[in-house]
Amino acid sequence: MSMFGLGRPQPSSAEKIAAAEQEMDLITDMFNKLQQACMKKCIPREYREGEINKAEGVCIDRCASKFFDVQMKVSELLQAEAAAKGGAAGGGFGIGGM
């Protein structure tokens, strides 16, 4: 029973660890998708310089910004859809909880 007597049991340590691992997997997957998409779009296959040049840096900044904007919009739409169906009281997947 919770501290306020609402009858909602607190998650065990194992459940907390599993939830944290799942969240890390989601974040890692999102990072890998971001890296692959922006690298493919902004960085040529044959490197000409040892450092990222200004144009590549600007491209990566814009790509990452757009990627996160889309992720937030998708997350908001999925949460709204779940709430409309009555299945969500909060906390969805995606980066909205970061």
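Note that the coordinates shown come from a computational prediction; the quantities given were computed from them, not determined experimentally.

What counts as what
Residues numbered from 1 in each chain as written. Predicted model: local features only at pLDDT ≥ 70, side-chain atom pairs only at ≥ 80, totals over all residues. Heavy atoms only, no water. 1 Å grid on protein atoms, 1.4 Å probe; cavity = no way out; pocket = protein on both sides within 12 Å on 5 of 7 lines; lining within 4 Å. Points joined across faces, edges and corners; volume = space filled by probe spheres on them. Helix = DSSP H or I, 4+ residues; strand = E, 2+ residues; numbered from the N terminus. Nonpolar A, V, L, I, M, F, W, Y, C, P; charged D, E, K, R; others polar. Disulfide = S-S within 2.5 Å. Buried < 20%, exposed > 50% of the residue type's maximum accessible area, 1.4 Å probe, protein only.

Enquirer: Describe in detail the layout of surface pockets, supporting the description with residues and values.
Expert: Put simply, the second largest pocket is a space of about 300 Å³. Every residue lining the second largest pocket is counted, 18 residues in all, and those nearest its centre are Met39, Ile43, Ile52, Glu56 and Ile60. It is helix H1 (residues 13–42) that provides the largest number of residues to the lining of the second largest pocket, a total of five residues. A breakdown of the residues in the lining of the second largest pocket according to their chemical character gives ten nonpolar, three polar and five charged.

Enquirer: Can you lay out the state of the cysteines for me, pointing to particular residues and giving the numbers?
Expert: Simply put, the disulfide is a covalent bond whose two ends are the sulfur atoms of two cysteines. Enumeration over the complete set of coordinates arrives at two disulfides. The residue that forms a disulfide with Cys38 is Cys63, at a sulfur-sulfur distance of 2.0 Å. The S-S bond linking Cys38 to Cys63 shows a torsion near -95 degrees; that makes this disulfide left-handed. Residue Cys38 is found in helix H1, and its partner Cys63 is found in helix H2 (residues 54–84); the two are separated by 25 residues along the sequence. Using a relative accessible area of 10% as the deciding quantity, one classes Cys63 as buried. Residue Cys42 pairs covalently with Cys59 via a disulfide, S to S 2.0 Å. Where Cys42 bonds to Cys59 through sulfur, the torsion about that S-S bond is close to -70 degrees, and the disulfide is left-handed.

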